[in-house]
Amino acid sequence: MTDIITRAASAESVIHCGKGAFEAHAPKWKNKQIYIVTDSNVFAIYRHLLWGTFGNGFSLTVLPAGERSKNPKNLISILKDMLACGMKRGGVVIAFGGGVVGDIAGLAASLYMRGCRLVQIPTTLLSQVDSSVGGKTAVDLEGVKNVIGSFYQPEEVIVDPRFLQTLPEREIRCGLGEIIKYGALDKDIYNKIIKNCGNLKNENFLEEITADCIRHKARVVGEDERDENGVRKTLNLGHTTGHAFELFYGKKSHGEFVLIGMYYELYIARKYGICGGQYAENLEKLIKSVIKIPAYDDVEESAKFAAFDKKNDDAKITLIVPETEGKSAEIKLLPREYASLLAECRNKIKDGI
Ligand code: NAD
Ligand code: GLY
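Residues numbered from 1 in each chain as written. Chains lettered and ligands numbered in written order. Predicted model: local features only at pLDDT ≥ 70, side-chain atom pairs only at ≥ 80, totals over all residues. Heavy atoms only, no water.

(A) Summary view of helix 11 (residues 277-290). Look at helix 11: 21 Å from first C-alpha to last across 14 residues, which is about the 20 Å you get at 1.5 Å a residue. Residues Y279, A280, N282, L283, E284, L286, I287 and V290 constitute the buried set of helix 11. Considering only its buried residues, helix 11 is in contact with helix 6 (169-185), helix 7 (187-195), helix 10 (254-271) and strand 10 (317-324). (Helix = DSSP H or I, 4+ residues; strand = E, 2+ residues; numbered from the N terminus. Expected span 1.5 Å × (residues − 1). Buried < 20%, exposed > 50% of the residue type's maximum accessible area, 1.4 Å probe, protein only. Contact = heavy atoms within 4.5 Å.)

Structure below.
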(Lines give C-alpha, C1' and ligand atoms only; values in the text may rest on other atoms or scores of the structure.)
(Ligands and ions follow the chains in the order given, each with its own letter.)
Protein backbone atom coordinates (compact mmCIF):
# COMPACT_ATOMS: atom_id res chain seq x y z
CA MET A 1 0.00 0.00 0.00
CA THR A 2 1.14 3.51 -0.70
CA ASP A 3 -0.14 6.98 0.16
CA ILE A 4 -0.08 9.84 -2.36
CA ILE A 5 -0.93 13.41 -1.42
CA THR A 6 -2.63 15.85 -3.78
CA ARG A 7 -1.61 19.37 -2.78
CA ALA A 8 -4.21 21.46 -4.59
CA ALA A 9 -4.47 25.18 -3.91
CA SER A 10 -7.83 24.76 -2.13
CA ALA A 11 -7.07 21.66 -0.02
CA GLU A 12 -4.94 18.57 0.36
CA SER A 13 -6.26 15.06 -0.27
CA VAL A 14 -4.70 11.81 0.77
CA ILE A 15 -5.01 8.90 -1.62
CA HIS A 16 -4.53 5.45 -0.11
CA CYS A 17 -3.64 3.02 -2.90
CA GLY A 18 -3.17 -0.68 -3.03
CA LYS A 19 -4.46 -4.04 -1.87
CA GLY A 20 -6.00 -3.77 1.60
CA ALA A 21 -6.61 -0.01 1.38
CA PHE A 22 -10.37 -0.42 1.86
CA GLU A 23 -10.08 -2.56 5.01
CA ALA A 24 -7.38 -0.34 6.42
CA HIS A 25 -9.06 3.02 5.85
CA ALA A 26 -12.82 2.74 5.29
CA PRO A 27 -13.83 1.58 8.82
CA LYS A 28 -12.68 4.80 10.45
CA TRP A 29 -15.72 6.57 8.97
CA LYS A 30 -18.14 4.13 10.63
CA ASN A 31 -19.18 6.32 13.56
CA LYS A 32 -19.55 9.50 11.54
CA GLN A 33 -22.74 10.70 9.93
CA ILE A 34 -22.46 9.01 6.53
CA TYR A 35 -24.33 9.53 3.26
CA ILE A 36 -23.37 6.97 0.60
CA VAL A 37 -23.98 7.45 -3.11
CA THR A 38 -23.59 4.35 -5.25
CA ASP A 39 -25.16 2.73 -8.31
CA SER A 40 -27.40 -0.27 -8.84
CA ASN A 41 -24.68 -2.62 -10.12
CA VAL A 42 -22.21 -1.77 -7.40
CA PHE A 43 -24.86 -1.93 -4.67
CA ALA A 44 -26.00 -5.37 -5.85
CA ILE A 45 -22.45 -6.72 -5.49
CA TYR A 46 -21.18 -4.81 -2.45
CA ARG A 47 -24.18 -4.03 -0.22
CA HIS A 48 -23.06 -6.57 2.41
CA LEU A 49 -19.58 -5.09 2.41
CA LEU A 50 -21.10 -1.62 3.01
CA TRP A 51 -23.24 -2.83 5.89
CA GLY A 52 -20.34 -4.85 7.30
CA THR A 53 -17.99 -1.87 7.14
CA PHE A 54 -20.20 1.08 8.04
CA GLY A 55 -22.98 -0.61 10.05
CA ASN A 56 -26.57 0.02 9.01
CA GLY A 57 -26.87 3.58 10.28
CA PHE A 58 -25.88 5.30 7.05
CA SER A 59 -28.21 6.97 4.53
CA LEU A 60 -28.00 6.03 0.90
CA THR A 61 -28.87 6.85 -2.70
CA VAL A 62 -28.59 4.06 -5.26
CA LEU A 63 -28.59 5.54 -8.77
CA PRO A 64 -29.41 3.49 -11.86
CA ALA A 65 -26.04 2.46 -13.33
CA GLY A 66 -24.79 4.47 -16.30
CA GLU A 67 -23.90 7.92 -17.60
CA ARG A 68 -27.56 8.99 -17.86
CA SER A 69 -27.74 9.15 -14.07
CA LYS A 70 -25.25 12.04 -14.07
CA ASN A 71 -28.07 14.58 -14.40
CA PRO A 72 -29.41 17.62 -12.51
CA LYS A 73 -32.59 15.80 -11.44
CA ASN A 74 -30.63 13.12 -9.60
CA LEU A 75 -28.35 15.77 -8.12
CA ILE A 76 -31.32 17.63 -6.61
CA SER A 77 -32.87 14.41 -5.40
CA ILE A 78 -29.63 13.48 -3.57
CA LEU A 79 -29.50 16.95 -1.98
CA LYS A 80 -33.16 16.75 -0.92
CA ASP A 81 -32.60 13.33 0.59
CA MET A 82 -29.51 14.54 2.48
CA LEU A 83 -31.63 17.30 3.94
CA ALA A 84 -34.47 14.92 4.80
CA CYS A 85 -31.97 12.63 6.53
CA GLY A 86 -30.76 15.53 8.67
CA MET A 87 -27.22 15.50 7.26
CA LYS A 88 -25.05 18.07 9.02
CA ARG A 89 -22.22 19.99 7.39
CA GLY A 90 -19.75 17.85 9.33
CA GLY A 91 -21.24 14.70 7.84
CA VAL A 92 -19.40 12.81 5.13
CA VAL A 93 -20.55 11.92 1.63
CA ILE A 94 -18.99 8.67 0.45
CA ALA A 95 -18.94 8.16 -3.31
CA PHE A 96 -18.80 4.39 -3.74
CA GLY A 97 -18.71 3.47 -7.43
CA GLY A 98 -17.28 4.49 -10.78
CA GLY A 99 -16.77 7.93 -12.27
CA VAL A 100 -20.50 8.59 -12.67
CA VAL A 101 -21.11 8.14 -8.94
CA GLY A 102 -17.91 10.01 -8.05
CA ASP A 103 -18.79 13.02 -10.22
CA ILE A 104 -22.38 13.47 -9.01
CA ALA A 105 -21.67 12.65 -5.35
CA GLY A 106 -18.70 15.03 -5.39
CA LEU A 107 -20.90 17.80 -6.77
CA ALA A 108 -23.59 17.11 -4.14
CA ALA A 109 -20.96 17.26 -1.38
CA SER A 110 -19.59 20.54 -2.73
CA LEU A 111 -23.06 22.12 -2.76
CA TYR A 112 -24.67 20.76 0.39
CA MET A 113 -24.61 23.54 2.99
CA ARG A 114 -21.81 25.10 0.91
CA GLY A 115 -19.68 22.01 1.26
CA CYS A 116 -19.53 18.93 3.46
CA ARG A 117 -16.84 16.26 3.82
CA LEU A 118 -16.19 13.97 0.87
CA VAL A 119 -14.54 10.58 0.55
CA GLN A 120 -14.12 8.88 -2.81
CA ILE A 121 -14.01 5.08 -2.97
CA PRO A 122 -13.63 4.38 -6.70
CA THR A 123 -14.62 0.92 -7.89
CA THR A 124 -13.78 1.03 -11.63
CA LEU A 125 -10.30 1.11 -13.11
CA LEU A 126 -11.10 4.42 -14.81
CA SER A 127 -12.22 6.06 -11.59
CA GLN A 128 -9.21 4.64 -9.72
CA VAL A 129 -6.62 5.95 -12.17
CA ASP A 130 -8.29 9.25 -12.89
CA SER A 131 -11.73 10.55 -11.96
CA SER A 132 -11.67 10.09 -8.17
CA VAL A 133 -8.54 12.22 -7.90
CA GLY A 134 -8.24 15.96 -8.47
CA GLY A 135 -11.63 17.25 -7.40
CA LYS A 136 -13.48 17.73 -10.68
CA THR A 137 -17.18 17.09 -10.06
CA ALA A 138 -20.06 17.40 -12.49
CA VAL A 139 -23.39 16.44 -13.96
CA ASP A 140 -24.34 16.62 -17.63
CA LEU A 141 -26.93 19.09 -18.95
CA GLU A 142 -29.14 18.40 -21.98
CA GLY A 143 -26.82 15.55 -22.83
CA VAL A 144 -23.75 17.83 -22.91
CA LYS A 145 -21.07 16.47 -20.63
CA ASN A 146 -20.03 18.05 -17.36
CA VAL A 147 -21.76 21.39 -17.87
CA ILE A 148 -22.71 21.87 -14.20
CA GLY A 149 -19.79 21.25 -11.91
CA SER A 150 -17.27 22.41 -9.39
CA PHE A 151 -13.72 21.85 -8.20
CA TYR A 152 -14.00 20.20 -4.81
CA GLN A 153 -11.24 18.09 -3.32
CA PRO A 154 -12.11 14.87 -1.51
CA GLU A 155 -10.61 14.60 1.94
CA GLU A 156 -9.57 11.04 1.25
CA VAL A 157 -9.57 8.66 -1.70
CA ILE A 158 -9.42 4.91 -1.11
CA VAL A 159 -8.15 3.05 -4.18
CA ASP A 160 -8.34 -0.70 -3.62
CA PRO A 161 -7.80 -3.11 -6.54
CA ARG A 162 -10.11 -5.64 -4.83
CA PHE A 163 -13.03 -3.94 -6.59
CA LEU A 164 -11.60 -4.69 -10.03
CA GLN A 165 -12.22 -8.40 -9.48
CA THR A 166 -15.93 -7.94 -10.25
CA LEU A 167 -15.47 -5.37 -12.99
CA PRO A 168 -16.59 -6.48 -16.48
CA GLU A 169 -13.77 -6.87 -19.01
CA ARG A 170 -15.15 -3.97 -21.03
CA GLU A 171 -14.73 -1.61 -18.07
CA ILE A 172 -11.12 -2.73 -17.63
CA ARG A 173 -10.59 -1.66 -21.24
CA CYS A 174 -12.06 1.76 -20.41
CA GLY A 175 -9.57 2.19 -17.59
CA LEU A 176 -6.76 1.16 -19.93
CA GLY A 177 -7.84 4.06 -22.15
CA GLU A 178 -7.04 6.56 -19.40
CA ILE A 179 -3.82 4.67 -18.54
CA ILE A 180 -2.64 4.94 -22.16
CA LYS A 181 -3.52 8.65 -22.01
CA TYR A 182 -1.14 8.98 -19.03
CA GLY A 183 1.41 7.01 -21.07
CA ALA A 184 1.21 9.70 -23.74
CA LEU A 185 1.89 12.37 -21.10
CA ASP A 186 4.56 10.72 -18.96
CA LYS A 187 7.69 8.98 -20.26
CA ASP A 188 8.08 6.63 -17.29
CA ILE A 189 4.47 5.50 -17.54
CA TYR A 190 4.87 5.06 -21.30
CA ASN A 191 7.98 2.89 -20.87
CA LYS A 192 6.24 0.75 -18.27
CA ILE A 193 3.23 0.26 -20.56
CA ILE A 194 5.43 -0.69 -23.52
CA LYS A 195 7.36 -3.15 -21.34
CA ASN A 196 4.10 -4.81 -20.26
CA CYS A 197 2.13 -4.37 -23.47
CA GLY A 198 1.29 -8.07 -23.80
CA ASN A 199 0.02 -8.15 -20.26
CA LEU A 200 -1.83 -4.92 -19.58
CA LYS A 201 -4.66 -6.56 -17.63
CA ASN A 202 -2.30 -8.23 -15.16
CA GLU A 203 -3.31 -7.44 -11.55
CA ASN A 204 0.14 -6.46 -10.31
CA PHE A 205 0.80 -4.30 -13.35
CA LEU A 206 -2.54 -2.54 -12.90
CA GLU A 207 -1.90 -1.89 -9.21
CA GLU A 208 1.52 -0.37 -9.93
CA ILE A 209 0.48 1.70 -12.94
CA THR A 210 -2.60 3.01 -11.12
CA ALA A 211 -0.38 4.54 -8.45
CA ASP A 212 1.90 5.97 -11.18
CA CYS A 213 -1.06 7.63 -12.95
CA ILE A 214 -2.35 9.04 -9.66
CA ARG A 215 1.11 10.45 -8.87
CA HIS A 216 1.17 12.13 -12.28
CA LYS A 217 -2.32 13.54 -11.79
CA ALA A 218 -1.52 14.72 -8.24
CA ARG A 219 1.45 16.70 -9.62
CA VAL A 220 -0.70 18.28 -12.32
CA VAL A 221 -3.50 19.17 -9.90
CA GLY A 222 -0.91 20.65 -7.54
CA GLU A 223 0.17 23.02 -10.34
CA ASP A 224 -3.20 23.85 -11.83
CA GLU A 225 -6.15 22.78 -9.72
CA ARG A 226 -8.71 24.90 -11.58
CA ASP A 227 -7.57 24.19 -15.12
CA GLU A 228 -6.38 27.77 -15.55
CA ASN A 229 -2.77 27.81 -16.68
CA GLY A 230 -2.74 25.08 -19.32
CA VAL A 231 -1.09 22.34 -17.24
CA ARG A 232 -4.26 20.44 -16.33
CA LYS A 233 -5.57 20.78 -19.86
CA THR A 234 -3.04 18.14 -20.91
CA LEU A 235 -5.12 15.55 -19.01
CA ASN A 236 -7.71 16.07 -21.72
CA LEU A 237 -5.56 14.40 -24.40
CA GLY A 238 -7.89 12.63 -26.83
CA HIS A 239 -10.96 13.89 -24.99
CA THR A 240 -12.16 16.58 -27.46
CA THR A 241 -12.95 13.97 -30.06
CA GLY A 242 -13.81 11.35 -27.43
CA HIS A 243 -16.45 13.61 -25.88
CA ALA A 244 -17.83 14.66 -29.29
CA PHE A 245 -18.29 10.99 -30.27
CA GLU A 246 -19.71 10.22 -26.82
CA LEU A 247 -22.34 12.95 -27.25
CA PHE A 248 -23.26 11.87 -30.75
CA TYR A 249 -23.11 8.09 -30.54
CA GLY A 250 -23.60 7.57 -26.82
CA LYS A 251 -23.68 3.75 -26.76
CA LYS A 252 -20.16 3.02 -25.59
CA SER A 253 -18.62 4.01 -22.26
CA HIS A 254 -16.55 7.13 -21.60
CA GLY A 255 -13.23 5.25 -21.53
CA GLU A 256 -13.90 3.57 -24.88
CA PHE A 257 -14.60 6.95 -26.46
CA VAL A 258 -11.36 8.30 -24.96
CA LEU A 259 -9.46 5.50 -26.71
CA ILE A 260 -11.25 6.12 -30.00
CA GLY A 261 -10.76 9.88 -29.64
CA MET A 262 -7.03 9.38 -29.01
CA TYR A 263 -6.78 7.30 -32.17
CA TYR A 264 -8.45 9.91 -34.40
CA GLU A 265 -6.46 12.75 -32.80
CA LEU A 266 -3.20 10.82 -33.20
CA TYR A 267 -4.01 10.65 -36.90
CA ILE A 268 -4.39 14.44 -36.94
CA ALA A 269 -1.14 14.93 -35.02
CA ARG A 270 0.70 12.72 -37.53
CA LYS A 271 -0.85 14.55 -40.44
CA TYR A 272 0.39 17.86 -39.00
CA GLY A 273 3.88 16.43 -38.46
CA ILE A 274 3.57 16.93 -34.69
CA CYS A 275 3.91 13.27 -33.80
CA GLY A 276 5.69 10.67 -35.88
CA GLY A 277 8.14 7.82 -36.27
CA GLN A 278 8.27 4.74 -34.09
CA TYR A 279 6.63 6.55 -31.21
CA ALA A 280 3.45 7.30 -33.20
CA GLU A 281 3.38 3.74 -34.48
CA ASN A 282 3.73 2.33 -30.97
CA LEU A 283 0.90 4.49 -29.67
CA GLU A 284 -1.34 3.49 -32.55
CA LYS A 285 -0.62 -0.21 -31.95
CA LEU A 286 -1.22 0.18 -28.25
CA ILE A 287 -4.64 1.77 -28.75
CA LYS A 288 -5.61 -0.84 -31.33
CA SER A 289 -4.54 -3.63 -28.96
CA VAL A 290 -7.21 -2.48 -26.51
CA ILE A 291 -10.12 -1.53 -28.79
CA LYS A 292 -11.33 -1.98 -32.36
CA ILE A 293 -11.51 1.50 -33.88
CA PRO A 294 -14.83 2.21 -35.60
CA ALA A 295 -14.97 3.89 -39.01
CA TYR A 296 -17.88 6.19 -38.18
CA ASP A 297 -19.96 7.00 -41.27
CA ASP A 298 -21.35 10.25 -39.89
CA VAL A 299 -18.09 11.48 -38.42
CA GLU A 300 -18.63 14.95 -39.95
CA GLU A 301 -21.93 15.31 -38.04
CA SER A 302 -20.42 14.16 -34.75
CA ALA A 303 -17.51 16.61 -35.21
CA LYS A 304 -19.99 19.45 -34.63
CA PHE A 305 -20.28 18.41 -30.98
CA ALA A 306 -16.62 19.32 -30.40
CA ALA A 307 -17.86 22.93 -30.39
CA PHE A 308 -19.12 22.33 -26.82
CA ASP A 309 -15.65 21.46 -25.56
CA LYS A 310 -14.57 23.53 -22.55
CA LYS A 311 -11.03 23.95 -23.92
CA ASN A 312 -12.23 26.06 -26.87
CA ASP A 313 -11.80 29.77 -26.28
CA ASP A 314 -12.74 30.91 -29.78
CA ALA A 315 -14.44 29.42 -32.83
CA LYS A 316 -11.62 26.92 -33.27
CA ILE A 317 -11.57 23.36 -31.95
CA THR A 318 -8.80 22.72 -29.42
CA LEU A 319 -7.10 19.33 -29.33
CA ILE A 320 -4.42 18.04 -26.98
CA VAL A 321 -2.38 15.50 -28.95
CA PRO A 322 0.71 13.38 -28.33
CA GLU A 323 3.99 14.87 -29.56
CA THR A 324 7.02 12.93 -28.36
CA GLU A 325 7.54 10.62 -25.37
CA GLY A 326 6.20 12.42 -22.30
CA LYS A 327 5.18 15.52 -24.24
CA SER A 328 1.85 16.69 -25.63
CA ALA A 329 0.97 19.58 -27.93
CA GLU A 330 -2.07 21.73 -28.52
CA ILE A 331 -3.64 22.10 -31.95
CA LYS A 332 -6.39 24.55 -32.87
CA LEU A 333 -8.44 23.79 -35.96
CA LEU A 334 -11.27 25.43 -37.80
CA PRO A 335 -14.39 23.26 -37.45
CA ARG A 336 -14.46 22.35 -41.15
CA GLU A 337 -10.76 21.46 -41.14
CA TYR A 338 -11.31 19.30 -38.05
CA ALA A 339 -14.33 17.53 -39.59
CA SER A 340 -12.48 16.80 -42.80
CA LEU A 341 -9.46 15.36 -40.95
CA LEU A 342 -11.74 13.08 -38.95
CA ALA A 343 -13.36 11.98 -42.21
CA GLU A 344 -9.93 11.32 -43.72
CA CYS A 345 -9.00 9.17 -40.72
CA ARG A 346 -12.31 7.31 -41.00
CA ASN A 347 -11.63 6.59 -44.69
CA LYS A 348 -8.18 5.20 -43.87
CA ILE A 349 -9.75 2.93 -41.25
CA LYS A 350 -12.28 1.75 -43.86
CA ASP A 351 -9.46 1.05 -46.30
CA GLY A 352 -7.80 -1.01 -43.57
CA ILE A 353 -4.70 1.22 -43.39
P1 NAD B 1 -19.35 4.24 -14.53
O2 NAD B 1 -19.32 4.95 -13.27
O3 NAD B 1 -20.57 4.34 -15.36
O4 NAD B 1 -19.01 2.70 -14.27
C5 NAD B 1 -18.96 1.81 -15.36
C6 NAD B 1 -19.83 0.57 -15.11
O7 NAD B 1 -19.16 -0.27 -14.17
C8 NAD B 1 -21.19 0.87 -14.52
O9 NAD B 1 -22.12 0.00 -15.13
C10 NAD B 1 -21.04 0.49 -13.05
O11 NAD B 1 -22.25 0.11 -12.46
C12 NAD B 1 -20.07 -0.65 -13.12
N13 NAD B 1 -19.24 -0.88 -11.94
C14 NAD B 1 -18.60 0.02 -11.19
N15 NAD B 1 -17.80 -0.58 -10.29
C16 NAD B 1 -17.98 -1.91 -10.44
C17 NAD B 1 -17.41 -3.04 -9.83
N18 NAD B 1 -16.45 -2.94 -8.91
N19 NAD B 1 -17.82 -4.26 -10.23
C20 NAD B 1 -18.76 -4.38 -11.23
N21 NAD B 1 -19.30 -3.34 -11.87
C22 NAD B 1 -18.91 -2.11 -11.49
O23 NAD B 1 -18.16 4.71 -15.50
P24 NAD B 1 -16.62 5.05 -15.25
O25 NAD B 1 -15.96 4.60 -16.49
O26 NAD B 1 -16.13 4.59 -13.95
O27 NAD B 1 -16.63 6.66 -15.21
C28 NAD B 1 -17.03 7.41 -16.32
C29 NAD B 1 -17.46 8.78 -15.84
O30 NAD B 1 -16.37 9.41 -15.20
C31 NAD B 1 -17.93 9.68 -16.95
O32 NAD B 1 -19.10 10.35 -16.58
C33 NAD B 1 -16.78 10.69 -17.09
O34 NAD B 1 -17.22 11.94 -17.56
C35 NAD B 1 -16.29 10.76 -15.67
N36 NAD B 1 -14.89 11.19 -15.53
C37 NAD B 1 -14.62 12.17 -14.62
C38 NAD B 1 -13.32 12.60 -14.43
C39 NAD B 1 -13.02 13.61 -13.38
O40 NAD B 1 -11.87 14.08 -13.32
N41 NAD B 1 -13.95 13.95 -12.52
C42 NAD B 1 -12.27 12.02 -15.18
C43 NAD B 1 -12.58 11.02 -16.10
C44 NAD B 1 -13.90 10.60 -16.26
N1 GLY C 1 -9.73 14.06 -16.16
C2 GLY C 1 -9.30 15.37 -16.45
C3 GLY C 1 -9.02 16.21 -15.26
O4 GLY C 1 -9.19 15.77 -14.16
O5 GLY C 1 -8.63 17.32 -15.40
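There is more to say, and it comes next.
(B) Looking closely at the site of ligand 2. As a matter of local geometry, ligand 2 sits amid D130, K136, K217, R232 and L235. The separation between a nitrogen atom of ligand 2 and a polar side-chain atom of D130 is 3.3 Å. A distance of 2.7 Å separates an oxygen atom of ligand 2 from a polar side-chain atom of R232. Protein contacts shield 88% of the accessible area of ligand 2, which totals 200 Å² for the unbound molecule. Taken together, the residues of the shell around ligand 2 break down into one nonpolar, no polar and four charged. (Near = heavy atom within 4 Å. Polar contact = N/O pair within 3.5 Å; in protein donor to acceptor, adjacent residues only side chain to side chain. Areas by Shrake-Rupley, 256 points an atom, 1.4 Å probe, with all protein chains shown as cover. Nonpolar A, V, L, I, M, F, W, Y, C, P; charged D, E, K, R; others polar.)

(C) Main features of the pattern of salt bridges. Applying the stated rule across the entire model yields 31 salt bridges. The salt bridge partner of D212 is R215, with a shortest N-O separation of 3.0 Å. Of this pair, D212 and R215 both sit in helix 8 (residues 203-223), three residues apart, which is roughly one turn of that helix. The class of D212 is buried, set by a relative accessible area of 14%. On the basis of relative accessibility, which here comes to 35%, the residue R215 falls in the partly exposed class. One network of salt bridges, in which partners are shared, links E67, K70, D103, D140, K145 and E246. (Salt bridge = Lys/Arg side-chain N within 4 Å of Asp/Glu carboxyl O.)

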